[in-house]
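Spelled out, the chains give:
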Amino acid sequence: MLKSHVRTINPNEADLFYVPTLCMQYSHVHEMTKIRHYISRIYDYVSSTSPYWERRGGRDHIWCFPQVRS
């Protein structure tokens, strides 16, 4: 995507915003709480600091959750 012709460095021109995250894959239920807390913190940060979040209520933000095995 970095070299794509659809990418812009001007956020005012952007139709979508990519929110990268990294999630560990856990096998225990209590560790899932850690993941939910982590995602919640990212959501809170992005929604409170991005001036473009309010433009469409976050509907134009694409979230990616790749999993890394621990």
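Here the structure is a predicted model, which is why all the values come from computation and not from measurement.

### Concerning the overall build of the protein chain
When helices and strands are counted, the protein chain shows one helix and four strands. The secondary structure elements of the protein chain, listed N-terminal to C-terminal, are β-β-α-β-β. Relative to its 70 residues, the protein chain shows a buried fraction of 20%. The long-range fraction of contacts in the protein chain, counting pairs at least 24 apart against all pairs at least 6 apart in sequence, stands at 64%. With an accessible surface of roughly 5,900 Å², the protein chain has 57% of that area assigned to carbon and sulfur atoms.

### Quick notes on the environment of T21
Residue placement: T21 occurs in the loop between β1 (17–20) and β2 (23–25). The spatial distance from the C-alpha of T21 to the C-alpha of P66 is 7.2 Å, given a sequence separation of 45 residues. Residues within four places of T21 in sequence aside, it is in contact with I42, W63, C64, F65 and P66. A polar atom in the side chain of T21 sits 2.4 Å from the backbone oxygen of C64.

### Some words on the side chain of D60
Examined against the element boundaries, D60 turns out to sit in the loop between α1 (29–49) and β3 (61–64). A relative accessible area of 2% means that D60 is categorised as buried. A polar side-chain atom of D60 sits 2.9 Å from a polar atom in the side chain of H61. Beyond its immediate stretch of four places on either side in the chain, D60 contacts D15, L16, F17, Y52 and R55.

### Quick word on the pattern of salt bridges
Considering all chains together, one arrives at two salt bridges under this definition. Where D60 meets R55, a salt bridge forms, and the shortest distance between an N and an O atom there is 3.3 Å. A residue is classified by how much of its surface remains accessible, and R55, at 33% relative accessible area, is partly exposed. Between R56 and D60 there is a salt bridge, and its shortest N-O distance comes to 3.2 Å. A relative accessible area of 35% places R56 in the partly exposed class. Connected through shared salt-bridge partners, R55, R56 and D60 make up one network.

Calculation criteria
- Residues numbered from 1 in each chain as written.
- Predicted model: local features only at pLDDT ≥ 70, side-chain atom pairs only at ≥ 80, totals over all residues.
- Heavy atoms only, no water.
- Helix = DSSP H or I, 4+ residues; strand = E, 2+ residues; numbered from the N terminus.
- Buried < 20%, exposed > 50% of the residue type's maximum accessible area, 1.4 Å probe, protein only.
- Contact = heavy atoms within 4.5 Å.
- Areas by Shrake-Rupley, 256 points an atom, 1.4 Å probe, with all protein chains shown as cover.
- Polar contact = N/O pair within 3.5 Å; in protein donor to acceptor, adjacent residues only side chain to side chain.
- Salt bridge = Lys/Arg side-chain N within 4 Å of Asp/Glu carboxyl O.

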